[in-house]
Amino acid sequence: MKKMRAAVVGYGGMGGWHVEHLLKSDVCELAGIYDIRKERTELAQSRGIHAYASYEELLADETVELITVAIPNDSHEEVVIAALNAGKNVICEKPVTLSLESLERMIAAAEKNGVRFTTHQNRRWDVDYLSMKQIYDSGEIGKVLNIESRVHGSRGIPSDWRGEKEHGGGMLYDWGIHLIDQILMIFGWDVKRVYCVCDHITNKEVDDGFRLELTFASGQRATVELGTYNFIAMPRFYLRAEKGTALITDWREDAQVVKCKHWHENDVLPVKTAAGLTKTMAPRDEVTTDTYTVARPKSDVHDFYRHYVNAIRTGGEQDVTYDQMRTDLKIILAAFESDEKGMPIEI
């Protein structure tokens, strides 16, 4: 099948990432980039990449079928809608946009012009997340009661536009949208309650961390936490189920599972703790539990482009649907409201 001609708007960090993958793609051919910064245009050209002189020139290129937008969050809507109105299919970097009204205008433009529009949820291909989803889907340790997802760093919020409110900065928009999307891909999309507390340790203008609690219609619960001032990181994932527990300490590590084989023990001996004896916290052994690891699943993040191009060509459903985009953004906005009001928000 002939490769789809694609261009990238914004040749910064993520724009450069998209270009790198498109140059090696088996489904797309890179037509070029557009960036408002002269130094980035010159950098692209020095690497043998075509740089459009203006956005209008890019939109007028009839050979381009797909445009990927990787620019500051507050600029997404205008650039995306212009591309959709020019008859281009569009991938927009997360979090798509900053309001549900803005998202609906983008969706309406795509439907009006008969083209596709989606957001780049590339972390659906993270192997740590895929390991947890595999454990959940298998049912091996029974119904899952709750899951905790954390990403911790210690360098504060980035010093570029991500630290500025007017550009849609902050960690909820930056990392939160990914972590929320992963949880919903595991538990489902029926969230009933959101409670969030944001950090402002290194940045008073936008959140530089947050702790988000999600309650689902099923009664299952999830904790999503992002910290940029954590010098000792907590585990990446912790999952508790009716018949066991799963843990991923770090995104580079395999998942560890302890499955309960037998619940009751008549001969449990008390153990000594710092100030007394306890049976309740007596450790388990191999008689009542099985301990094993789950191998990291294979994953290729460029499947995002492969699947999207296939959906465009065949008319099939895209990986990240409009309803999923709406729900992800709705939870982000509810999280901000919860933090502001200091109370849970019903969805």
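Here the structure is a predicted model, which means the values were calculated and not measured. (Residues numbered from 1 in each chain as written. Predicted model: local features only at pLDDT ≥ 70, side-chain atom pairs only at ≥ 80, totals over all residues. Heavy atoms only, no water.)

### Digging into the nonpolar core
Phase 1: In terms of nonpolar packing, the biggest core is built from 95 residues, with C28, L58, F117, I147, F210, L212 and L214 touching the most fellow members.
Phase 2: It is helix α7 (residues 171–187) that provides the largest number of residues to this core, a total of 10 residues.
Phase 3: With residues near it in sequence (within four places) discarded, F210 still touches M171, L172, G176, C196, V197, C198, D199, V224, E225 and L226. (Core = buried A, V, L, I, M, F, W, Y, C linked by side-chain atoms within 4.5 Å. Buried < 20%, exposed > 50% of the residue type's maximum accessible area, 1.4 Å probe, protein only. Helix = DSSP H or I, 4+ residues; strand = E, 2+ residues; numbered from the N terminus. Contact = heavy atoms within 4.5 Å.)

### Side note on the pattern of salt bridges
Should their charged atoms come close, side chains of opposite charge can pair.
Phase 1: Taken as a whole and judged by the stated rule, the model has 28 salt bridges.
Phase 2: R123 is paired through a salt bridge with D126; the nearest N and O atoms lie 3.1 Å apart.
Phase 3: Overall, R123 belongs to the partly exposed group, its relative accessible area being 26%.
Phase 4: Look at D126 and you get buried, because its relative accessible area is 19%.
Phase 5: Note that D323 and R326 form a salt bridge whose closest N and O atoms lie 2.8 Å from each other. Placement of both D323 and R326 in helix α9 (residues 322–341) is noted, with a separation of 3 residues, approximately one turn of the helix. (Salt bridge = Lys/Arg side-chain N within 4 Å of Asp/Glu carboxyl O.)

### As for the side chain of Q220
Phase 1: By secondary structure assignment, the location of Q220 is in the loop between β8 (209–216) and β9 (221–227).
Phase 2: Polar contacts involving the side chain of Q220 include one to the main-chain carbonyl oxygen of V144, which spans 2.8 Å.
Phase 3: At 2.7 Å, the side chain of Q220 forms a polar contact with the side chain of S218.
Phase 4: Discounting residues that sit within four places of it in the chain, Q220 has contacts with Y136, K143, V144, L145, F187, L214 and T215. (Polar contact = N/O pair within 3.5 Å; in protein donor to acceptor, adjacent residues only side chain to side chain.)

Nothing here speaks to function; it is all geometry.
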